[in-house]
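These are the residues of each chain, in order.
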Amino acid sequence: MAQSDGGFLSRWTLKTGGVIAPDERLPMGQTIAVGLQHVVAMFGATVLAPLLMGFDPNVSILFSGISTLIFFFVTGGKLPSYLGSSFSFIAVVIAASAYSGSGPNANIGVALGGIIAAGAVYAVIGLIVMKAGHGWIETLMPPVVTGAIVAVIGLNLAPIAVKGVSANGFDAFIGLLTVVAVGVIAVYTSGTLQRLPILLGGLVAYIVYAVLANGAGMGKPIDFSGVMNAAWIGMPNFTAPVFEAGAMALIAPVAIILVAENLGHVKAIGVMTGRNLDPLLGRAFLGDGIATMISGAGGGTGMTTYAENMGVMAVTKIFSTLIFIVAALFAILLGFSPKFGALILTIPGSVLGGLSLVVFGLISATAGRIWVENKVDFSNARNLITVGVALTVGAGDLMLKFGGFSLGGIGTATFGAIILYQILNGRSSR
């Protein structure tokens with residue numbers, strides 16, 4: 001149990017080894033180091049998503065930190081999660097803003113209005129869950145469905161990781177080296193080193209890449225000119241939203257996907273921590289919804305609880321919610337520091353790809369834990385068909401189009417799993 005002698009930190013019991021629960025904390029130095037590792041884990045996706053939509057990545061980084069702080073306080077500091085750019089918005093944002101696919105998005109304001117609408121719907125769902133309970137969501141999305149959604153998220157992201165290590169033989173070597181470095185540190189070290197496999201494994205691979213590419217000319221050299229020319233401190237490029245009914249109607253339904261995604265994340269974290277976090281679902285939805293609205297109001301992307309950081313928690317066994325305050329503050333600093341942002345952007349794609357291979361794989365593997373812990377019966381044809389179809393649809397990134405509305409692989413698999421399970425739920429298939 002957490003101590004309660006009045007101070008903020010006293011709400012978390014100090015612990016120096018073993019599994020660190022949400023209401024426990026590491027010594028300050030280790031807390032900062034692990035928080036930085038979570039920044040590294042989220043960085044690739046939080047930067048990639050806005051780039052794909054023509055948003056400013058520095059603004060999205062800033063709002064990911066602000067959103068994580070909002071989520072922390074709305075959930076009472078009880079649910080370990082990092083909020084970052086959601087990939088679920090990409091297809092609808094591109095459609096609503098008629099984005100060309102390169103450079104800044106000239107119609108970003110219209111997309112921001114839609115993102116705010118999605119956040120508002122999401123927040124309302126959170127309030128309903130807080131008032132009426134989460135039973136109806138459990139009925140729609142039982143463990144077999146939420147596990148499938150978690151697995152789909154990792155599998156759907158897999159091509160991003162694979163692409164990062166597939167450009168040429170050198171990149172493949174660096175990517176696999178990154179995987180091995182992370183694994184060796186996670187398995188064969190101890191103490192503080194063992195708690196930082198993503199950060200240290202990435203650093204090892206970065207150094208090897210720099211030596212072989214910049215020093216021996218075996219690959220594309222890392223270009224540090226952007227770091228040298230960037231300012232240490234600078235204001236992000238904020239953008240105001242524009243509210244258009246068509247764009248709002250197109251983007252707002254993404255809230256349903258975020259609910260399913262967040263539900264899967266909360267369930268997964270509950271399994272990893274051995275705690276029932278279901279009572280926090282309403283607050284989790286509300287916090288994420290408010291964060292998405294605030295992010296959209298300033299030029300940031302829609303936000304979601306990040307599976308990438310769940311992967312880090314799965315490796316490190318550190319679930320202290322204080323870690324995410326540290327990570328959020330680091331992200332905010334990044335948002336106001338063009339130089340530091342430029343430095344992070346020098347991380348080679350093959351290194352990020354290697355890290356992604358590990359983290360995205362851990363996300364998918366978490367689904368297995370959900371099914372095992374909840375004793376999901378795969379001899380039941382209903383469960384088997386629901387999961388099998390969802391995984392194939394998600395991994396294959398099946399996109400459905402309804403007029404101007406496009407539903408990507410994660411969304412299609414999410415709604416498909418929910419609907420298919422209910423259709424097949426009328427009769428036991430044992």
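Predicted model, so just to flag it, every value in this text is computed and none were measured. (Residues numbered from 1 in each chain as written. Predicted model: local features only at pLDDT ≥ 70, side-chain atom pairs only at ≥ 80, totals over all residues. Heavy atoms only, no water.)

**Quick notes on the overall build of the protein chain**
The test is simple: Secondary structure elements are taken from DSSP: a helix is a run of H or I of four residues or more, a strand is a run of E of two residues or more, and numbering for both begins at the N terminus. Radius of gyration here is computed from C-alpha atoms only, and the compact-globule reference equals 2.2 Å multiplied by the residue count raised to the power 0.38. For each residue, the accessible area found with a 1.4 Å probe, counting protein chains only, is set against the maximum for its type, and the residue is called buried under 20%, exposed over 50%, and partly exposed in between. Any pair of residues with heavy atoms lying within 4.5 Å of one another is described as a contacting pair. Working definition of accessibility: Shrake-Rupley area with a 1.4 Å probe, residue cover restricted to the visible protein chains. Charge assignment: positive for Lys and Arg, negative for Asp and Glu; neither His nor the chain ends contribute. Note on charges: their place is set at NZ of Lys, CZ of Arg, CG of Asp or CD of Glu.
When you go through the protein chain residue by residue, the secondary structure sums to 19 helices and six strands. The C-alpha radius of gyration computed for the protein chain amounts to 21 Å, which stays within 12% of the reference 22 Å derived for 430 residues, consistent with globular compactness. Residues counted as buried form 55% of the 430 residues belonging to the protein chain. For the protein chain, contacts bridging at least 24 residues in sequence account for 79% of all contacts bridging at least 6. A total accessible area of about 17,100 Å² is found for the protein chain, and carbon and sulfur atoms account for 69% of it. Considering the protein chain, the positive charge centre built from 19 side chains and the negative charge centre built from 15 side chains are found 7 Å apart.

**Examining helix α7 (residues 169–188)**
Quick note on the threshold: Multiplying one less than the number of residues by 1.5 Å gives the expected span of a helix. The directions from the helix axis to the C-beta atoms form the arc being described. In the analysis that follows, any N or O atom pair within 3.5 Å is treated as a polar contact, provided that within protein one partner can donate a hydrogen and the other can accept it, and provided that, for residues neighboring in sequence, both atoms belong to side chains.
The terminal C-alpha atoms of α7, which comprises 20 residues, lie 28 Å apart, in line with the 28 Å expected from a rise of 1.5 Å per residue. Restricting attention to buried positions, one finds in α7 the residues F170, D171, I174, G175, T178, A181, V182 and I185. Down the axis of α7, the smallest arc covering the buried residues is 140°, so these residues share one side. For α7, the exposed residues set more than 90 degrees away from the buried face come down to G169, L176, V187 and Y188. The distance from a side-chain oxygen at the start of α7 to the backbone nitrogen of F170 is 3.1 Å, and the residue carrying that oxygen is N168.

**Considering the confidence of the model for the protein chain**
Caution is warranted with low-pLDDT regions, since their predicted coordinates should not be read in detail. To keep things clear, this is the line we draw: Every residue gets a pLDDT, meaning the predictor's confidence in that residue, from 0 to 100.
In the predicted model, the protein chain carries a mean pLDDT of 83, and 92% of its residues have values of at least 70. No element of the protein chain has a lower mean pLDDT than strand β6 (residues 405–407), which averages 61, and none a higher one than helix α13 (residues 281–298), which averages 94.

**Concerning helix α15 (residues 322–335)**
Here α15 is 14 residues long and its end C-alpha atoms lie 20 Å apart, about the 20 Å a rise of 1.5 Å per residue gives. Of all 14 residues making up α15, eleven are buried, and the element is well covered by its neighbours. Turning to α15, its buried residues number three or more, namely L322, I323, F324, I325, V326, A327, A328, A331, I332, L334 and G335.

**A word on the packing of helix α14 (residues 307–316) against helix α17 (residues 349–373)**
Put simply, the rule is: To define axes, lines are fitted to C-alpha atoms, for helices over the stretch in contact only, and angles between the resulting N-to-C directions are given on a 0 to 180 degree scale. The cut-offs work like this: below 35 degrees is roughly parallel, past 145 is roughly antiparallel, 65 to 115 is roughly perpendicular, and the gaps in between are oblique. Note on residue categories: nonpolar means Ala, Val, Leu, Ile, Met, Phe, Trp, Tyr, Cys or Pro, charged means Asp, Glu, Lys or Arg, and polar means any other residue, Gly included.
Look at α14 against α17: their axes get within 8 Å of each other, and the N-to-C directions meet at 85°. As far as their axial angle goes, α17 and α14 are roughly perpendicular. Contacts between α14 and α17 involve A307, E308, G311 and V315 from the first element and V359, F360, L362 and I363 from the second. By residue class, the composition of the contact of α14 with α17 is six nonpolar, one polar and one charged.

**A few points about the pattern of salt bridges**
Opposite charge on two side chains makes pairing possible when the charged atoms of those side chains draw close. Let me state the cut-off plainly: By convention in these notes, a salt bridge is any Lys or Arg side-chain nitrogen within 4 Å of a carboxyl oxygen on Asp or Glu.
In the structure shown here, the tally under the stated rule is three salt bridges. Taking the shortest distance from any N to any O, the salt bridge between E24 and K15 comes out at 3.8 Å. For E24, a relative accessible area of 17% corresponds to the buried category. Across the salt bridge formed by R275 and D23, the nearest N and O atoms sit 3.0 Å from each other. Of this pair, R275 sits in the loop between α12 (254–273) and α13 while D23 sits in the loop between β1 (13–14) and β2 (24–25), and the two are 252 residues apart along the sequence.

**Focus: the nonpolar core**
As a reminder of what qualifies: We define the nonpolar core as a collection of buried residues of types Ala, Val, Leu, Ile, Met, Phe, Trp, Tyr and Cys that are connected through side-chain atoms lying within 4.5 Å of one another.
With 103 residues, the main nonpolar core has F55, L79, F89, V93, M141, V145 and F285 as its most contacted residues. At twelve residues, α12 tops the list of elements feeding residues into this core. For L79, the residues in contact, after removing those within four places along its chain, are F71, V266, I269, L277, L280, A284 and T321. With eight residues, the next largest nonpolar core counts W12, L69, I325 and A328 among its residues.

**Things to note about the side chain of K339**
Within the secondary structure, K339 sits in helix α16 (residues 338–344). Although K339 lies buried, it forms no salt bridge, and the closest oppositely charged side chain, D223, sits 12 Å away as judged by the N-O distance. Of the polar contacts made by the side chain of K339, one reaches the backbone oxygen of V227; its length is 2.5 Å. With residues up to four places along the chain from it excluded, the contact list for K339 reads V227, M228, A230, A231 and W232.

**A short note on unusual backbone geometry**
The residue K375 is not glycine, and still its phi comes out positive at about 55°. Following the sequence through the fold, K375 ends up in the loop between α17 and α18 (381–395). K375 sits in the exposed class, given a relative accessible area of 71%.

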